[in-house]
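Structural description and commentary
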Amino acid sequence: MRNARTDPTDHTRRNVLALLALVGAAAIAWPFLRPATAWEWRFDGANATVGVTIRGILRHAPDGVYIRAAGRPAGIILDVPKFAAGACAAVEIETAATASCEVPLTFFWQPPGATTYRFTQRPVALASRPTIARFDLTREAMWRGTIGRIGVQWPGVDNEAVIRSVRLVPLPRRERAALAVRQVLARRPLDNTSINYLTGPTVLGSGLNYFLMMFAVVAASLLERSRAVRRRVGPGRSSLAVTFAVWLAADAIVTADIARQVIDDVRVYSATDDPAAVMFGEELARCRELVRATVPPGATYTVLSDDDFYPRHRLDYQLTPVRICVPPEQIDRAAYIVVYHRGAARFDESSGRLWIDDRHSIAGHVNGRRSAEVYVVERTRE
Amino acid sequence: MTTLGLLLSIAMPWIFGAALSRAISAGRNRLEHVALGWFIGQAAVMTTLYAMYMSGMQVTAMRAGAPIAVLAIAAVVVARRRNLDCRPWPWKPLRAAWLASPGVRIATLLIGVSLLAKVNMLVAATGWVPVRHDDAIVIWLGRAKVIAELQRMPLDAGDPLYMGGTHLDYPIFPSLLPAWTAILSGGWSEPHVAWTWPLCWLNVALLIAATLVARIRPTRALLAGYLVASLPLAFVHALRPGYVDLLLAGFLVATLAQAMAWRRHGAAPDLALALLLLLATACVKREGVFAALALLVCAVLPGLVMHRRSRGTWIVTAAAVPLMAIALGCTLPWSFIGDTLNGLGLHGDVPRILARHLFSWASFGVLWWLVPVGLIAASRRRTTNSGSSRCGAGLVVFVCLLIAYTAAIFVLSDNARFAQNDQTPSRCFLQIAPAAILALGAIIARRRRPIGSGSSLHGDV
């Protein structure tokens, strides 16, 4: 048997394992300890908007930048300095308006290198006196910790909105552990994207997999080192045991999340006679009943809606094959036209024509109506 | 009648599949036959209904059920007459492992609790929660509902409900499974037709554990099955039925398990069954074509060389090649495949997105990559001790091909847009994950034991 106290290979092995454990521990500790840097943009002069993307008509003033919607909501986009991007926990926006109003202020952000934005909204009462709107990023499901670009929009402001400052607020170290616990325990509901992918919890800006993996590295390294110190040779089960423990932890977190979702789902759907109405919305359910009442079995219909996908396919699935849905491109094959929140469509009672847009129309009569936005037109011969 | 019909729709194909597997495949344990039987049964249902519909037949419960019932009875009779060597249920090695170590007892209990919780959720969700996701409604279940309620498949290309309606470039076969349940249980009912997916999830996990239990330690075989059952995205697909990724994953695992059984024993009927399952894999989803091709190249063709002296092997091959060529020629979406090949080009931003799906997010769980790495590392050390140097090169190539193909779908084709909006990559990796885990388990088995020692591993891929 080799002498572990003198064999340099064993020494090296023990040292490498100890180093690996240290690296893993440091990687776990880093999100809790990394330096936090606040950053602020103050819009108090003409030069304050250099390098800032402004959407909307702009004028500078000492108390801020005045912007107004021009075709689309007024807004600004800011590039976040790299050193401030990591430990940001909240964003505070000091803003005002020339006329009092309550608007859904929209904050959006983009991770470094990403091309799409994540959005969050909250209602804010604006007045001539500045107010501070705070967006707590740590509560956002889609927040991944680092941000490369941020932006703010003021939809619904008819007059001018004023932007005075945007401040990135770091999270103090003493609050990070509590936040980490909250984030691990927070529920991540199964949404419509869950059939495609599951994002899992984000803890202090890093995915849970990161922490579990690092924990596995630390535990396995320590256990293997302990075996090496005791001069045990050959494969040990400790690494597999650690791996299994981490796996069970990950599985338990996901399973608990899904279980809560299933309990909620069963509670909701077992209490209703029309699950589809809960699933797809009351209005679509009423539209379905309207179609059932007005479109005879075996007839063809099409659905005209600003959303070309959702209402048509939900109606089709519930009514097929008794009533046959054809795509809007084949509207000539449809004996009935279901109008469901189609902005450009209007039925002209005087001429007896459904105008799909300004140029195309179909002769018919309204066969049933649920509201001004939802009705069924039966085609008549031209 | 509805409940009875539902039970019959589940039991008849399953009994047929298990009995057929028992009748032609020797040396496998009962759990393997049961789990594999579910997939064989589903393949039989798809084939039978497709033949009936394509001949223009009006398919009622009686007409659909009778052939499967006859097949099931015939398979049971043949299995009883042949009485091939069949290993018992694999509880004995599991019990021995349970008694041997308190660690195993704790681990098994924890696994049991997790699986029990999952099964409970599946029962509750299948019974009460309606189908909600786009592809399920628009494509797979939508077409199934049309076919089941019409009791026929419109074959006039001018009919708006032609071949079930929308998205004709997607295969019709998976829609035939919920249609079958609806036909036998007396009408379209989501809580009934949804059962296909939980059963698929269950049988994938069982098949992997049952296949590996003869090859590696029973506790590790159990872990492999649990790993698949606990892949978060796999469980979500069982919970939210209507997508075909889990079905494809199941058929791929079944084909691989059957190919491994054939490679081990060299019996011609095993090869025939493997080729039938291969055909089902190719037909169930568009991505299945390449997975089946990879399996053919890595598992079946080397097996033909290995068993080249068997006359039965060549008879089966000679009969299967033209049949498979005709079947694939008639059913595959060749224009879609041609368009995809014509649109090849490099999309450099996609690998980063794929890495996020595999490693950062929870779709596969942290162990998706940690467990295979750990197991292979452990097996390497064991190999060094045992002196065995051979490994399942075919399986290694198979796993690499599957991963490379799935990555290439997004990196090299127009499907990159589905990676950029995150819609498809995790689902595509779900299609290959269970087969990769089974293959890795078999690789470990090959590395652990020298050829010819103990239970023969001769012929594993």
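Everything discussed here concerns the structure shown above.
**A look at the overall build of chain A**
Looking only at helices and strands, one finds eight helices and 20 strands in chain A. Computed over its C-alpha atoms, the radius of gyration of chain A comes to 30 Å, more than 25% above the 21 Å expected for a compact globule of 382 residues. For chain A, the spread of C-alpha atoms along the three principal axes comes to 100 × 60 × 35 Å. By residue count, 47% of the 382 residues in chain A fall in the buried class. Look at the contacts in chain A between residues 6 or more apart in sequence, and 68% of them connect residues 24 or more apart. About 18800 Å² of surface is accessible on chain A, with carbon and sulfur atoms providing 55% of the total. Placing the 49 positive and 38 negative side-chain charges of chain A at their respective mean positions leaves the two points 12 Å apart.

**Looking at the sheet that holds strand E16 (residues 336-340) of chain A**
All names here are of chain A. Here seven strands make up an open sheet; going across it, the order is E15-E14-E16-E20-E19-E18-E17 and the pairing mixed. Looking along the sheet, the strands with just one partner apiece sit at the ends: strand E15 (324-325) and strand E17 (346-348). Strand contacts of helix H7 (residues 282-294): E16, strand E19 (361-369) and strand E20 (374-379), with the helix running at about 25° to E20, the strand carrying the most contacts. Helix H8 (residues 310-319) rests against strand E14 (300-304), E15 and E16 of the sheet, and its axis sits at about 155° to E14.

**Observations regarding the pattern of salt bridges**
All names here are of chain B. One pass over the full model with this rule turns up 26 salt bridges over all chains. For the salt bridge of Glu32 with Arg28, the shortest nitrogen-to-oxygen distance reads 3.3 Å. A salt bridge links Glu287 to Lys285; its shortest N-O distance comes to 3.2 Å. What emerges from the salt-bridge pattern is a single network uniting Asp135, Asp245, Lys285, Glu287 and Arg427.

**Here we look at the interface of chain A and chain B**
As a measure of interface size, the accessible area lost when the parts come together is often cited. Across the boundary between the two partners, chain A contributes 54 residues, which contact 65 residues of chain B. Interface area, chain A with chain B, both sides summed: about 5200 Å², of which 67% is carbon and sulfur. Contact with chain B buries surface across chain A, with Ile195(A), Trp247(A) and Tyr317(A) losing the most and accounting together for 17% of the total. Joining chain A to chain B, the criterion identifies four salt bridges.

**Observations regarding helix H7 (residues 173-184) of chain B**
Residues and elements named next belong to chain B. With twelve residues, H7 should reach 16 Å at 1.5 Å per residue; the first-to-last C-alpha distance of 17 Å fits that figure. For H7, a buried count of twelve out of twelve residues is recorded, marking the element as mostly surrounded by other parts of the structure. Among all positions of H7, only Phe173, Pro174, Ser175, Leu176, Leu177, Pro178, Ala179, Trp180, Thr181, Ala182, Ile183 and Leu184 are buried.

**Details of the side chain of Arg176(A)**
Residue and element names in this part refer to chain A. Of note, Arg176 is situated in helix H3 (residues 173-185). Exposure remark for Arg176: the relative accessible area of 3% places this residue in the buried category. Looking at Arg176, its side chain comes within polar contact range of the main-chain oxygen of Phe32, at 3.4 Å.

**Topic: the nonpolar core**
Within the largest apolar cluster, 180 residues are counted, with the highest numbers of intra-cluster contacts made by Ile258(A), Tyr301(A), Leu49(B), Leu239(B), Leu256(B) and Phe398(B). Looking at which domains feed residues into this core, each of domain 1 (8-29 + 200-267) and domain 3 (277-379) of chain A supplies at least three. Formed by 31 residues, the second largest nonpolar core is a distinct cluster that contains Val65(A), Ile76(A), Leu105(A) and Trp109(A).

**Structural notes on helix H2 (residues 30-54) of chain B**
Residues and elements named next belong to chain B. With 25 residues, H2 extends 36 Å from end C-alpha to end C-alpha; this agrees with the ideal 36 Å at 1.5 Å per step. Along its length, H2 shows its largest kink, about 30°, at Gly37. The buried fraction of H2 amounts to 20 of the 25 residues, a majority that puts the element mostly inside the structure. In this structure Asn29 caps H2, since a side-chain oxygen of it lies 3.1 Å from the backbone nitrogen of Leu31. Following H2 by one or two positions, Gly56 adopts a phi angle in the positive range, close to 80°.

**Digging into the layout of surface pockets**
Once rolled over the atoms, a probe with the size of a water molecule shows which space is left empty. Taken as a whole, the largest pocket holds about 1400 Å³ of empty space. Along its surface, the largest pocket is lined by 49 residues, and Arg286(B), Glu287(B), Phe336(B), Asn415(B) and Phe418(B) are the ones closest to its centre. Listed by contribution, the elements that provide at least two residues to the lining of the largest pocket are helix H6 (275-280) and H8 of chain A together with helix H6 (134-150), helix H14 (288-306), helix H16 (334-342), helix H19 (393-411), helix H20 (416-420) and helix H21 (425-448) of chain B. Taken together, the residues that form the lining of the largest pocket break down as 25 nonpolar, eleven polar and 13 charged.

**A word on the packing of aromatic side chains**
Summed over the entire model, instances satisfying the criterion amount to 18 aromatic pairs over all chains. With a centroid separation of 5.2 Å and an interplanar angle of 85°, the aromatic rings of Tyr210(A) and Phe211(A) are classed as edge-to-face. Ring geometry for Phe39(B) versus Phe251(B): centroids 5.7 Å apart, planes at 70°, classification edge-to-face. Of this pair, Phe39(B) sits in helix H2 while Phe251(B) sits in helix H12 (residues 245-265), and the two are 212 residues apart along the sequence. Classification of Phe251(B) by relative accessible area gives buried; the value is 0%. Each residue in the set Phe32(A), Tyr210(A) and Phe211(A) is aromatic and connected to the rest through ring pairs, giving one cluster. When the ring centre of Tyr170(B) is taken as reference, the NZ or CZ atom of Arg286(B) above it lies at 4.2 Å. A cation over an aromatic ring shows up here: Arg286(B) above the ring of Phe336(B), its NZ or CZ 3.7 Å from the ring centre.

Definitions and limits used
Residues numbered from 1 in each chain as written. Chains lettered and ligands numbered in written order. Predicted model: local features only at pLDDT ≥ 70, side-chain atom pairs only at ≥ 80, totals over all residues. Heavy atoms only, no water. Helix = DSSP H or I, 4+ residues; strand = E, 2+ residues; numbered from the N terminus. Rg over C-alpha atoms; globule rule 2.2 N^0.38 Å. Buried < 20%, exposed > 50% of the residue type's maximum accessible area, 1.4 Å probe, protein only. Contact = heavy atoms within 4.5 Å. Areas by Shrake-Rupley, 256 points an atom, 1.4 Å probe, with all protein chains shown as cover. Lys, Arg positive; Asp, Glu negative; His and termini not counted. Charge placed at Lys NZ, Arg CZ, Asp CG, Glu CD. Pairing = 2+ DSSP bridges. Axes fitted to C-alpha atoms, helices over the stretch in contact; angles between N-to-C directions. Salt bridge = Lys/Arg side-chain N within 4 Å of Asp/Glu carboxyl O. Buried area = accessible area lost by both parts, 1.4 Å probe. Expected span 1.5 Å × (residues − 1). Polar contact = N/O pair within 3.5 Å; in protein donor to acceptor, adjacent residues only side chain to side chain. Core = buried A, V, L, I, M, F, W, Y, C linked by side-chain atoms within 4.5 Å. Domains from an automatic or database assignment. Bend = angle between axes of the 7 residues up to and from the residue. 1 Å grid on protein atoms, 1.4 Å probe; cavity = no way out; pocket = protein on both sides within 12 Å on 5 of 7 lines; lining within 4 Å. Points joined across faces, edges and corners; volume = space filled by probe spheres on them. Nonpolar A, V, L, I, M, F, W, Y, C, P; charged D, E, K, R; others polar. Phe/Tyr/Trp six-rings, centres within 6.5 Å; stacked < 30°, edge-to-face > 60°. Lys NZ or Arg CZ within 6 Å of the ring centre and 35° of its normal.

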